Amino acid sequence: MGKTPSKLILAGCLALTACFAGKAFAADKKWGQYQVEDRRSGYTFAAPETRAMQDDNFQNPGMLWAEIGEELWEKTEGEAGKACASCHNGPETMKGVAVSYPKYVAEKKNLENLEQRINRCRTDNMKAKPWKYESKELLGMTVFVRNQSLGMPMNVKVDGEYAPFFEKGKAFYEQRRGQLDLACKHCHEDFEGGQLRANILSQGQGNGFPVYRLKWSGVGSLHRRFRGCNKQVRSKPYGYGSDEYLALELYVMWRGRGLPVETPAVRN
Amino acid sequence: MKMTTPIVAAMVFGASMALTATFSGPAQAGEPVELAAMTEMAKPLTDQAGDPATGKKVFSNRKLGNCLACHSLQAMKEQPFHGEVAPPLDGVASRYSIAELRLRVANPKAINPETQMPAYFRKDGLHRVMDKFKDKTILTAQQVEDLVAYLGTLKEE
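Each residue is numbered by its place in its chain's sequence as written, counting from 1. Following the order in which they are written, the chains are lettered starting with A and the ligands numbered starting with 1. Two thresholds apply to this predicted model, a pLDDT of at least 70 for residue-level local features and 80 or more for giving and counting side-chain atom pairs, whereas whole-chain, interface and lining totals are computed over all residues. The basis for the side-chain values is all heavy atoms of the structure; hydrogens and waters are excluded.

Q: Which parts of the structure should I look at to understand the environment of Ala110(B)?
A: All names here are of chain B. Under the scheme used here, helices are H or I runs from DSSP no shorter than 4 residues and strands are E runs no shorter than 2 residues, and both carry numbers assigned from the N terminus. Among the structural elements, Ala 110 can be located in the loop between helix H4 (98-106) and helix H5 (141-151). In this scheme, a residue with accessible area under 20% of its type's maximum is buried, one over 50% is exposed, and one in between is partly exposed, where area comes from a 1.4 Å probe on protein chains only. Judged by relative accessible area, Ala 110 falls into the buried class, the value being 0%. Along the chain, Ala 110 and Met 38 lie 72 residues apart, while their C-alpha atoms are 6.5 Å from each other.

Q: Could you clarify how one ought to interpret the interface of chain B and chain A in this entry?
A: Many structure descriptions define interface size as the accessible area lost when the parts assemble. Tallying the contact residues gives 31 residues for chain B and 23 residues for chain A. In total, about 2,500 Å² of surface goes out of reach between chain B and chain A, with carbon and sulfur atoms giving 52% of it. The rule for a salt bridge is simple: a side-chain nitrogen of Lys or Arg has to be within 4 Å of a carboxyl oxygen of Asp or Glu. Across the chain B-chain A interface, the total number found is 2 salt bridges. Residues Lys236(A) and Asp131(B) are paired through a salt bridge, measuring 3.6 Å at the closest nitrogen-oxygen approach. We call two N or O atoms a polar contact when they sit within 3.5 Å, provided that within protein one can donate a hydrogen and the other can accept it, with sequence-adjacent residues counted only if both atoms are side-chain atoms. Seen at the junction of chain B and chain A, the total is 18 residue pairs in polar contact (both at pLDDT 80 or more). Each residue is assigned to one class: nonpolar for Ala, Val, Leu, Ile, Met, Phe, Trp, Tyr, Cys and Pro, charged for Asp, Glu, Lys and Arg, and polar for all the others, Gly among them. Considered class by class, the residues forming the side of chain B that touches chain A number 13 nonpolar, 9 polar and 9 charged. Two residues qualify as a contact provided that any one of their heavy atoms is within 4.5 Å of a heavy atom in the partner residue. Accessible-area loss on putting two parts together, using a 1.4 Å probe and summing over both, is the definition of buried area adopted here.

Q: Can you walk me through unusual backbone geometry in this structure?
A: For residues besides glycine, phi is generally negative; the peptide bonds are generally trans as well. Residue and element names in this part refer to chain A. Pro 102 follows Tyr 101 through a cis peptide bond whose omega is 0°. When you line up the elements, Pro 102 lands in the loop between helix H4 (84-88) and strand S3 (103-105). Residues other than glycine seldom take positive phi values, yet Glu 134 does so here, at roughly 70°. Positionally, Glu 134 belongs in the loop between helix H5 (114-126) and helix H6 (136-147). For Glu 134, a relative accessible area of 21% translates into the label partly exposed. One non-glycine residue, Arg 197, lies in positive phi territory at about 50°.

Q: What am I meant to see in the environment of Thr263(A) here?
A: All names here are of chain A. Summarising the element assignment, Thr 263 is placed in the loop between helix H10 (243-255) and strand S9 (266-267). Its relative accessible area of 0% is what places Thr 263 among the buried residues. Distance from Thr 263 to Val 158, taken between C-alpha atoms, is 22 Å for residues 105 residues apart in sequence. Not counting chain neighbours up to four residues away, the residues in contact with Thr 263 comprise Val 143, Arg 146, Asn 147, Leu 150, Asn 207, Gly 208, Phe 209 and Pro 210. Of note is the side chain of Thr 263, whose polar atom sits 3.4 Å from the side chain of Arg 146.

In short, shape yes, function no, at least from these values alone.
Spelled out as structure tokens, the structure:
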């Protein structure tokens, strides 16, 4: 006699279990660097063609902004007669800088994001005018500097002097707002991965910003995205670079701790 | 405005429910269990009966109900992209009465303070509303009635 039916069933069950276990493992690993524990980059929620656009530097329209930044890096401006390159040498010296922003600045007793750090360099060291938020110059330089840390894990500080800002950012994230009475967490935590009309809700991670957004046909900052989200729930947005958004930026970057810098990411 | 009265009541009940849930913990044996203080809104918000045809437009209009943002509905499958973060609304009128549906539209937070669903007829207790929507409800009283009338047609087949 050959195998008894019960042995066959057992073998079948084992094979099935192995198959499921293998599949689960594959799903965990599927996103590579774009997933850290349960934290998933917006990349993992994007359509395949959007991801392909980001993956190829020649196709990624955000790289045009990086090129703007690259040119400005060498450009002498301001009364001190300096360019970024005068003090920092090559842009490769910026490698690893982006992962820890926003940062606490003791003399300001406040957080500062990368956009503001770039402008402080301009006003204090170059004696040049600050660039406007969302100008192609400031976006370009921010994209260029962040891009030097491409693939490096995000790692903002949240203890010590950062703690009150972190708490403020978390409170913002959880506060219902606007006529639609929704908090950030309602969409980006509770409904993460869910379909909201034509869109898939992501975790609202900040690691790819400034991003090239197809809807914008251009690159925009994280604060621009915050403003858009706030307006969508019919809430009065805060200003670019406002204390509220700086605290929120810290909290959002902490939510994405360990995710890679993707600037300029491509999103829909 | 007489129409706001049920809303105020709903909010007060909603708040008391939240407190009960937060501070008293799970009900103990022998302790009287407070059932949902408010489950329905029997009184219409207007004297004019709701019109289901208008309500259907309120349902799908993205600037009004925008119900398909979160819910799906087979009866509207001609519209692309239905949301799936909230329960499907097929047959909803077989599960809830008109009075229950009215409260769920006007102020679902009276039933579940933690719900993500906006209250379509409430203007108090909101944070940082944009100026152009300030002191306004998402829908007018009549739009709520029309929408509820439309929902009332969604019976299980």
